[in-house]
Amino acid sequence: MTRGLAIGLALVVLLIGGVVAAEVLTAGSGSSARPAPELPSQVLSGKRVDLASLRGKPAVVNFWASWCGPCKDEAPELKRFSESLGDRATLVGVDWGDAEDNAREFIEKSGWTYPILRDPSQKVGTEYGLNGLPTTFVLDSDGDIVETLQGPQTVETLERALSAAQ
């Protein structure tokens, strides 16, 4: 191999390495934040909340359904998380495309006391970009989505994601 070719290859490797390092260092930064769509207006449990009432502190919006197996696994974690939040953030549940009676029974069995809204037409979930359940969106105090969590979460993963919004 000629010296010029070796130097050229070394420069390409350094360039690629620099691009990869820059991507790793900026992953999860606020640059990917996007405004959250409006929440559904139908209340299943708790008080009515909307994006305007959530502004000023972070919020965690969890989409779920009673027929979703992973949502059943996640339910006790959401209860524990909601009990640990205090005034640091607001947790909001959104029942997605579910029969109302089934949703109410699920809420009661889960022991949830935080606001739960209903998205029977699945319109709001679609606007959020939902592509499976459960999915959790973490909003910063300005109402921008700063983190999206797919699948069932634990108190620990929710706390880590919440820290990105503070």
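Above this text sits the structure in question.
Just so we're clear, the structure is a prediction, and the values are computed from it rather than from any experiment.

Q: Go over helix 4 (residues 100-110) with me, naming the residues and quoting the values.
A: Within helix 4 the residues assigned to the buried category are Ala 103, Phe 106, Ile 107 and Ser 110. Buried residues along helix 4 cover an arc of 100 degrees about the axis, so they all sit on one side. Relative to its buried face, helix 4 has exposed residues pointing more than 90 degrees away, namely Asp 101, Glu 108 and Lys 109. Along its buried surface, helix 4 packs onto strand 2 (42-45), strand 3 (59-64), helix 3 (69-85), strand 4 (90-96) and strand 5 (116-119). Taken from the residues just after helix 4, Gly 111 is the one with a positive phi, measuring 75 degrees.

Q: Summarise the pairing of strand 6 (residues 135-139); cite the residues concerned and give the values.
A: Most of strand 6 sits out of view: five of its five residues are buried. Here strand 6 shows no split at all, with Thr 135, Phe 137 and Leu 139 on one side and Thr 136 and Val 138 on the other all buried. Hairpin connection, strand 6 to strand 7 (residues 144-150): the antiparallel pair is bridged by four residues, and Gly 143 has positive phi, about 85 degrees.

Q: Summarise helix 3; cite the residues concerned and give the values.
A: Between its terminal C-alpha atoms helix 3 stretches 25 Å, which fits the 24 Å expected from 17 residues at 1.5 Å a residue. At Ala 75, helix 3 shows its strongest bend, of approximately 35 degrees, with the proline Pro 76 following within four residues. Buried within helix 3 we find Cys 71, Glu 74, Ala 75, Glu 77, Leu 78, Phe 81, Ser 82 and Leu 85. Buried-residue contacts for helix 3 involve strand 3, strand 4, helix 4, strand 6 and helix 6 (155-163).

Q: So what's going on with the sheet that holds strand 5? Which residues, and what values?
A: Two orientations exist for strands paired in a sheet by backbone hydrogen bonds: parallel and antiparallel. Judged by pairing direction, the sheet is mixed, and its seven strands sit side by side in the order 1-7-6-3-4-5-2 without closing on themselves. With one partner strand each, in any of the chains shown, strand 1 (34-35) and strand 2 form the two edges of the open sheet. Across six bridges, strand 3 lies against strand 4 in parallel orientation. The partner of Trp 64 across the bridge, within strand 4, is Asp 95. Here helix 3 sits on the sheet in contact with strand 3, strand 4 and strand 6, set at roughly 155 degrees to strand 4. Where helix 4 meets the sheet, it contacts strand 2, strand 3, strand 4 and strand 5, and its direction lies at approximately 40 degrees from that of strand 2.

Q: Requested: an account of unusual backbone geometry, with residues and values cited.
A: Each neighbour pair has its own omega, and for Leu 133 with Pro 134 the value is -10 degrees, a cis peptide bond. With respect to the secondary-structure elements, Pro 134 resides in the loop between helix 5 (123-128) and strand 6. A positive phi angle, close to 70 degrees, is found at Gln 122, a residue other than glycine. Relative to the elements of secondary structure, Gln 122 occurs in the loop between strand 5 and helix 5.

Cut-offs applied
Residues numbered from 1 in each chain as written. Predicted model: local features only at pLDDT ≥ 70, side-chain atom pairs only at ≥ 80, totals over all residues. Heavy atoms only, no water. Buried < 20%, exposed > 50% of the residue type's maximum accessible area, 1.4 Å probe, protein only. Helix = DSSP H or I, 4+ residues; strand = E, 2+ residues; numbered from the N terminus. Arc of directions from axis to C-beta. Contact = heavy atoms within 4.5 Å. Pairing = 2+ DSSP bridges. Expected span 1.5 Å × (residues − 1). Bend = angle between axes of the 7 residues up to and from the residue. Axes fitted to C-alpha atoms, helices over the stretch in contact; angles between N-to-C directions.

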